[in-house]
Structure formats: structure tokens, C-alpha cells
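# Coordinates in review
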Amino acid sequence: MPALVNSACLLDDQEALSSKVSQTCGVMGDRQMHHWDLHSHKSAPTRFSAFGAELNQQVFLLPRLWVNRLPLSYVPYYLPCPEILSPYPQPKLLEQRPTELLTLTPWLAPIISEGTFNAELLQHIYQPLNLTIGLTAFAVGKYTGFVQRFLESAEQFFMHGYRVHYYIFTDDPKAIPRVPLGPGRLLSVIPIRERSSWEEVSMRQMETVSQHIAERAHREVDYLFCLSVGMVFRNPWGPETLGDLVAAIHPGYYAVPRHQFPYERRHVSTAFVADSEGDFYYGGAVFGGRVGRVYEFTRGCHMAILADKANGIMAAWQEESHLNRRFISHKPSKVLSPEYLWDDRKPWPSSLKLIRFSTVDD
């Protein structure tokens, strides 16, 4: 295995190469780069993520070089983007015209809505990959009554034609109905301890998902979505939503300035967000991505929640506050428009061509 060295050892061209990397700090998406081996004069494609596991740090694969007659590989190179990029104006979903949604974030992540993708083309690209998509939902207390409609609508619209593994976490496994599933689709009912309040259940969801990924899901699925069981699918939800780390814009705040977002504003909380920070306000009812990235994300949120708990603090909107704080520093590689997270109590705006996932009455 080639030796690993710090980026500070970049030979005589260190400053030039570092300058070159710094100029490319914008998010590059989920692409392929070539890792050049100057010894063999060959290149091999290397997959990499737009964001590293650390705080919003860009991952770059740098070439193998010779140092003192020994081949060295520089992997990965982390560039801290937040300090370089901030401050910057708030992106606005309706920035162009009131009836047209923004299609790209300032960090070059696509914003997915009807008309921004070719569903048939994506099917041809993703189906040969033999992917398994996981879906988690929590059914606690009265919410066990939402499971049947949730699963039935998912069977009709969620990732049709792909292998899907549903994970339903519940304090009452006997109350979970056995909904008929299509070929290649599985349901696992996972018991969890009964909690004294919904707030406590909410605060434990990040912990539960991260533990489940570590213990089991990382072997069973390629991508994982964490959704609210109190909602239903109303139109197709397909591979256009797959990405490294995926967030959904909250339907209640897609057209308001960020100083009005319901972020946690107390400095004492790890979820604190200043008035000048933030891109979009994301809903806690929908997030996902590659299973490894979802693990990192949920574990990071859980650690922040534990820190608050140790100080006797509960963030304004529990796990959603921590989710939004983390998405500021760990930018999503793909953003879903409110058609993937809608509230049916609101009038249907002309900017949304259809609704794919929305609330049901309690």
C-alpha cells in the first residue's frame, strides 16, 4: 500500500497545486476523476464524494508523485469551504420568476422538480446498477395507524422497478399491518423502546437510524431515505432523487427570507444558526442519500443532540433544528423541491407542477 502524506508535502509545485485546488472549491457533484499513477503511466477511475466526512470539506484526489524515489498517493485532500465561501447571499427558490423554481444551488447541487429531468433516461442509467433502496419510517403510538396507507402508496409510487427494503421502527410491532409487497421489496418491522413523549421519540430518531445503519442497513441497501410515516406518495418518486446526500425544502418556508426561518437562535445550542446564515429551510420529514453518508449525517446530528442534552437544552424543533444546522455546514449534493415534501393544508402554488409526497390528516 503506498504511503500517505499530508498535503503540505506537495514538493516544489506545492503552492501552484494548492492554488489550483483552491480555485475549484465549488461543489463538483458525484463524478469520476482519474487517479494518475506516474510510475505505470496508467489511470484508473476513482469514485469520490462531493463532500468529505468532516465539516463541509471538499474531497480532491491528487496524483501520485515520486518523493525520494518512493511513490506517494495524496488521498484525500480536504479544503475547508465555509470560511472561504461565507458570507454569501441567500439562494431563493423563486429567485427567477414567481412561477419558476430555481434549478441549481450556489454550490452547484441540482434542485429536483418536475421538468428538470428525463425519467426514462434515468431509468436506463440506474436500473442496470442493481441498486437496493432503503426507506425508514417511525410508527409510534397513534402513528401505527398511518403505516398501511404509507406502504400502499409507496408500493404504487416509490422507486418502482427497484429493490426496496422498508424499515418500520415501532413500539408496537403487532399493530403494523402486513401490506402486500411487489417482487424484490421487503418489510422489516423493528421494535424500539416506548418513550414517554413524542418529543423524546423525535430526539432519538437520529440515534436510532445511525445505529441501524451501523448494525445492519449498510449491508442491505445502497441508498437510504428517512421519511415521515404521516405522509403518502401521490406521484412517482424515482431515481432522480438519488444522490450522495439529499435534502428536501420545507413547504412552509420556500418563499421567505432566511432570517424568518425557524432555526434555533439561542447561542447556547449546538443547533444555533445566525440570521445571516442558511440557504433553504429543510424539512425533517425527508432526507437521505448513500447509506454511508446518511450514517455520517445522522450520527453527527445525534452527537449534537447529546451535547445539547448534557447542557439541559432542547432545540426549537428538535431533530429538524439539528438537521438544518448540519446541512448548512455539510451541503446536500441534491436538493428536492417542495413537490417531494408538501403540506396538503396549503394551496397548491403554480410553481409546482405536481405533488409527489404530502401530508395526511391526523
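Scroll up to find the structure this text is about.
Here we summarise the structure given alongside this text. Remember, predicted model here, so these are calculated numbers, not experimental data. Residue positions within a chain follow its written sequence, with the count starting from 1. A pLDDT threshold of at least 70 governs which residues receive local features in this predicted model, and a stricter bar of 80 or more applies before side-chain atom pairs are shown or counted, although totals over entire chains, interfaces and linings include all residues. Only hydrogens and water are set aside when side-chain values are computed; all heavy atoms of the structure are taken into account.

So, on to the overall build of the protein. Labels follow the DSSP assignment, with helices taken as runs of H or I lasting at least four residues and strands as runs of E lasting at least two, numbered in each case from the N terminus. When its secondary structure is counted, the protein shows seven helices and 15 strands. Within the span of the protein, comprising 362 residues, buried residues form 51% of the whole. Note on contacts: a residue pair is in contact if any heavy atoms of the two residues lie within 4.5 Å. Partitioning the contacts of the protein with sequence separation of at least 6, the portion at a separation of at least 24 is 70%. Accessible area of the protein: about 17,600 Å², with a carbon and sulfur share of 54%. With a 1.4 Å probe rolled over the protein chains alone, any residue whose accessible area is under 20% of its type maximum counts as buried; one over 50% counts as exposed, and the rest are partly exposed. Accessibility throughout is a Shrake-Rupley quantity obtained with a 1.4 Å probe, and a residue counts as covered only by protein chains that appear here.

Moving on: the packing of helix 6 (residues 291–310) against helix 7 (residues 318–329). Lines fitted to C-alpha atoms define the axes here, with helix axes fitted over just the stretch in contact, and angles between the N-to-C directions of these axes take values from 0 to 180 degrees. It is the contact of helix 6 with helix 7, at a shortest axis distance of 9 Å, that shows an interaxial angle of 120°. Relative to helix 7, helix 6 is oriented oblique. As for how helix 6 packs across helix 7, the hand of that crossing is right-handed. For the pair helix 6 and helix 7, the contacting residues are Glu296, Phe297, Gly300, Cys301, Ala304, Ile305 and Asp308 in the first and Glu319, His322, Leu323, Arg326 and Phe327 in the second. Each residue is assigned to one class: nonpolar for Ala, Val, Leu, Ile, Met, Phe, Trp, Tyr, Cys and Pro, charged for Asp, Glu, Lys and Arg, and polar for all the others, Gly among them. A class-by-class count of the residues in the contact of helix 6 with helix 7 yields six nonpolar, two polar and four charged. Angle categories: roughly parallel below 35 degrees, roughly antiparallel above 145, roughly perpendicular from 65 to 115, and oblique for all the rest. Each crossing is labelled by how the near helix is turned from the far one, with a counterclockwise turn of less than a right angle marking it left-handed and a clockwise turn marking it right-handed.

The subject of this paragraph is helix 6. In this scheme, a helix's expected span is set at 1.5 Å multiplied by one less than its residue total. In this model helix 6 runs 28 Å from its N-terminal to its C-terminal C-alpha over 20 residues, within 8% of the 28 Å that 1.5 Å per residue would give. Those residues of helix 6 that sit buried are Val291, Arg293, Val294, Phe297, Thr298, Gly300, Cys301, His302, Ala304, Ile305 and Asp308. One or two positions beyond helix 6, positive phi appears at Gly312, with a value near 70°.

Strand pairing is assigned whenever DSSP identifies at least 2 bridges connecting the two strands. Here we have eight strands laid out as an open sheet, ordered 6-14-12-13-10-7-8-9, and mixed in their pairing. Among the strands making up the open sheet, the edge pair consists of strand 6 (111–112) and strand 9 (185–191). Along the sheet face, helix 4 (residues 147–157) touches strand 7 (132–139), strand 8 (163–170), strand 9 and strand 10 (223–227) and points at about 170° away from the line of strand 8. On top of the sheet, helix 6 reaches strand 10, strand 12 (245–249) and strand 13 (282–290); it is set at about 135° to strand 13, its chief contact.

Glancing now at the packing of aromatic side chains. Here a pair means two rings of Phe, Tyr or Trp (six-membered ring of Trp) with centres within 6.5 Å. Their orientation is stacked below 30 degrees between planes, edge-to-face above 60, and tilted elsewhere. In the structure shown here, the tally under the stated rule is 21 aromatic pairs. Judged by centre distance (4.6 Å) and plane angle (40°), the ring pair of Phe233 and Phe357 falls under tilted. Remark: Phe357 occurs in strand 15 (residues 357–359) and Phe233 occurs in strand 11 (residues 231–233); sequence separation between them is 124 residues. A residue is classified by how much of its surface remains accessible, and Phe233, at 3% relative accessible area, is buried. Judged by relative accessible area, which is 0%, Phe357 ranks as buried. Where Phe261 meets Tyr263, the ring centres are 5.5 Å apart and the plane angle is 85°; that geometry is what we call edge-to-face. The two residues Phe261 and Tyr263 agree in class, both being buried.

Turning our eyes to something else, we now look at unusual backbone geometry. With a phi angle near 70°, Leu108 is a residue other than glycine that sits in the positive phi range. Of note in this structure, Gln318 is not a glycine but carries a positive phi near 45°. Relative to the assigned elements, Gln318 resides in helix 7. Taking relative accessible area as the criterion, Gln318 reaches 16% and is therefore assigned buried.

The next point concerns the nonpolar core. Nonpolar cores are built from buried Ala, Val, Leu, Ile, Met, Phe, Trp, Tyr and Cys residues. Side-chain atoms within 4.5 Å join them into one set. Core analysis: the largest hydrophobic core is formed by 42 residues, its most contacted members being Phe158, Phe233 and Trp237. Looking at which element gives the most residues to this core, the answer is helix 4, with five residues. Judged by nonpolar contacts, the second largest core, of 36 residues, contains Leu101, Phe169, Ala217 and Phe327.

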